[in-house]
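Structural characterization, general
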Amino acid sequence: MFGAGGGTSSYEEIEQTDLVVLWGSNAREAHPIFFHHLLKGLRRGAKMYVVDPRRTTSAQWADVWLGIDVGSDIALANAVAREIIHAGLVNTEFVRRATSGFEEYAASVEPFTLAEGERLTRVPGDLIADLAHDYGRAGRAQLCWTLGITEHHTATDNVLALCNLALLTGHVGRFGSGLVPLRGQNNVQGGGDMGALPNKFPGFQDVADDAVRARFEARWGVAVPRGPGWHLAQMFDAIERTELRALYVLGENPAQSEADKHRTVRLLGELDHLVVQDIFLTKTAQLADVVLPAAVASFESEGTVTSSERRVQRLRPARRPPGEARDDIDIICEVARRLGHDWGQPSAEEVWDECRSLSPMHAGMRYDRLEAMGGIQWPCPTEDHPGTQFLHARLWEEDPAERGAAAPFSPVEFEPPLDELSDEFPVRLTTGRRLDSFNTGVQTGGYASPLRRPETLDLSPEDMAGLGVAEGETVQVSSRRGSITVPVHLDRSLRPGLAFMTLHFPDQAETNVLTLDSWDPKSGTAEFKATAVRVERLPGALEAQAVPA
């Protein structure tokens, strides 16, 4: 946020805040550890708004649920902003001192009246106003989001729209007030921190920065390309253009996790060489020319992991890797050796110390300090620094020199989902997770759970009745990319015209055959959350009993 590649707040702050806005996040099921912290805040008296197309198990804890139309988040955020401005709830002193671009931003949201916001989002105008007034007046407020915001073709602009609200009200840079992007998977934050982005070195340092690049080149002894590499969506486009001919996949299962599965599998099959390094023989690994069995990072390897609150913590092996499985560092160094570059056999701590020497925000995090302090939140620039509980406190400094660069407002335009609803495809399918399972089920599908049920197409009672289908009946679901068959399930959290599926059971129902692989040009994230589909009874199906509303 505002130049830092992580959320601004600590978990403790969600326990101490006055208002929680959970936007596009079913944290109760997708981020249960964080939700336990959130519940402490609610029990202390915090009020919670949930913005979500479904009345999820998270929304059931909310004081107010805003049932937004899928993909209309920018329209809602802009309508909230306009109401904050017109109600005189802008933190004018903070905006004057710490931000830039307010006038242009205020003009950009002016068309988003409460009536227009209601028309675009289907959220009642009085609820939009309530959210605006409560957020503007709150002493402390935490604005949290996750994949419901980012898995859209406007992903980056969706996030910027939320950041604008924090700037308007001064809900950033203070204890208890912040912006909290909940990471979609374990150590996603750590991956970004370590440079797993096509335009960044470790520590979110730009590859285009000559001085930064020179430091890495001096340490590594090689020239580093000045321009960014490809993100995942661009890689698949490059395969299609035959510009990318070999792929090395570590701990990822794109054959089942990527949108438009038919295209993904076809392109993986067109590669000259595919290497997969993983702990399971995934569907992607089954397509590979070479499979490298890896250790389980969470309990068979030494290293570090970073949480959504930017806390770097130690990992230690509880057991040795089985069979021929090896630690990821060992495998990568052996591959490098066979390619003619002997990196030796560095320990995880030695690799970490190299990272600390090149990433200023990690510089003070020696292993022994991580151990003694139970983890440290970055930035931690020196070995006597305690870490940083929340970011951007500088924005509240009186001295302009200490305050530093202004945080910019970012006017963003509302664009509806690309996969348009039509007479042929009248139902909006959105995707998400359930509490008992994880991603494509590779790590969870082999274990029984009393909470687990088979994959279904979840529909509202009204849509079930309109289609004349019964609970558990198999239907055909079709999008502009393909069709699958799947049992239906009545879900009272859904409104008419909205359907829901997960990605957890691709062997039962290949959800990503349906999803659209168009992606946000700024982040590269595909629009998993907004697919237009048609649902049809299969020939010969029994007439359904009436579904109670």
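Structure: above.
Below, the structure is looked at part by part. (Residues numbered from 1 in each chain as written. Predicted model: local features only at pLDDT ≥ 70, side-chain atom pairs only at ≥ 80, totals over all residues. Heavy atoms only, no water.)

What about the sheet that holds strand E11 (residues 290–293)?
On the basis of which strands lie adjacent, the open sheet formed by 3 strands has the order E9-E10-E11 and parallel pairing. Every interior strand has two partners, whereas the edge strands, strand E9 (246–250) and E11, have only one. On average, each strand axis in the sheet is tilted by 10 degrees relative to the strand beside it, whichever way the strands run. Note that E9 and strand E10 (residues 273–278) share 5 bridges and pair parallel. What sits directly across from tyrosine 248, in E10, is valine 275. (Pairing = 2+ DSSP bridges. Helix = DSSP H or I, 4+ residues; strand = E, 2+ residues; numbered from the N terminus. Axes fitted to C-alpha atoms, helices over the stretch in contact; angles between N-to-C directions.)

So, the nonpolar core
Ranked by size, the top nonpolar core spans 51 residues in total, and within it Trp23 and Tyr135 carry the most contacts. Excluding residues within four positions of it along the chain, tyrosine 135 makes contact with Leu19, Val21, Ile84, Ala141, Leu143, Leu165, Ala166, Thr169 and His171. If you look at the next biggest cluster of nonpolar residues, it comprises 19 residues, including Val427, Val469, Val486 and Val533. (Core = buried A, V, L, I, M, F, W, Y, C linked by side-chain atoms within 4.5 Å. Buried < 20%, exposed > 50% of the residue type's maximum accessible area, 1.4 Å probe, protein only. Contact = heavy atoms within 4.5 Å.)

Details of the sheet that holds strand E14 (residues 376–377)
Pairing in this open sheet of 3 strands is antiparallel, and the strands run E12-E13-E14 from one edge to the other. The sheet is open, and its two borders are formed by strand E12 (303–306) and E14, each paired with just one other strand. Where E12 lies against strand E13 (residues 311–315), 4 bridges are found, and the strand directions are antiparallel. What sits directly across from threonine 306, in E13, is valine 312.

A look at unusual backbone geometry
The residue after tryptophan 378, namely proline 379, is reached through a cis peptide bond having omega 0 degrees. Position of proline 379 relative to the elements: it lies in the loop between E14 and helix H20 (400–403). The phi torsion at phenylalanine 204 lies on the positive side, around 55 degrees, for a residue other than glycine. Tracing the sequence through the fold places phenylalanine 204 in the loop between strand E7 (200–201) and strand E8 (205–206). We classify phenylalanine 204 as buried; its relative accessible area is 18%. Although it is not a glycine, asparagine 439 adopts a positive phi angle of roughly 45 degrees. Inspection of the secondary structure assignment puts asparagine 439 in the loop between strand E16 (427–432) and strand E17 (457–459).

Some words on helix H8 (residues 125–137)
Look at H8: 18 Å from first C-alpha to last across 13 residues, which is about the 18 Å you get at 1.5 Å a residue. Among the residues of H8, those classed as buried are Gly125, Ile128, Ala129, Leu131, Ala132, Tyr135 and Gly136. In a view along the axis of H8, the buried residues occupy a sector of 160 degrees, so they form one face of it. The outward face of H8, more than 90 degrees from its buried face, is lined by the exposed residues Asp126 and Arg137. (Expected span 1.5 Å × (residues − 1). Arc of directions from axis to C-beta.)

Let's talk about the packing of helix H4 (residues 73–86) against helix H7 (residues 114–121)
The interhelical angle for the contact between H4 and H7, taken along N-to-C directions, is 165 degrees, at an axis separation of 9 Å. The angle between H4 and H7 places the two elements in the roughly antiparallel class. The handedness of the crossing between H4 and H7 is left-handed. The residues of H7 that touch H4, namely those facing Ala75, Leu76, Ala79 and Glu83, are Leu114, Gly117, Leu120 and Thr121. (Parallel < 35°, antiparallel > 145°, perpendicular 65-115°, else oblique. Left-handed = near helix turned anticlockwise from the far one by under 90°.)

With respect to the environment of phenylalanine 280
Here phenylalanine 280 lies in the loop between E10 and E11. Linking phenylalanine 280 and alanine 295, residues 15 residues apart in sequence, is a C-alpha distance of 9.9 Å. Apart from the residues within four sequence positions on either side, phenylalanine 280 is in contact with Ala285, Val442 and Gln443.

Notes on helix H13 (residues 232–240)
All of the buried residues in H13 are Ala233, Phe236, Ala238 and Ile239. Considering only its buried residues, H13 is in contact with helix H14 (254–257) and helix H15 (261–269).

Some details on the packing of aromatic side chains
Across all of its chains, the model carries 9 aromatic pairs by this definition. Here the aromatic rings of tyrosine 105 and phenylalanine 409 are separated by 5.0 Å at their centres, their planes lie at 20 degrees, and the arrangement is stacked. Within this pair, whereas tyrosine 105 is found in helix H6 (residues 102–109), its partner phenylalanine 409 is found in the loop between strand E15 (407–408) and E16, the two being separated by 304 residues in sequence. A connected cluster of aromatic rings, assembled from ring pairs, spans Phe102, Tyr105 and Phe409. Directly above the aromatic system of phenylalanine 500 lies the positively charged group of arginine 54, at a separation of 3.6 Å from the ring centroid. (Phe/Tyr/Trp six-rings, centres within 6.5 Å; stacked < 30°, edge-to-face > 60°. Lys NZ or Arg CZ within 6 Å of the ring centre and 35° of its normal.)

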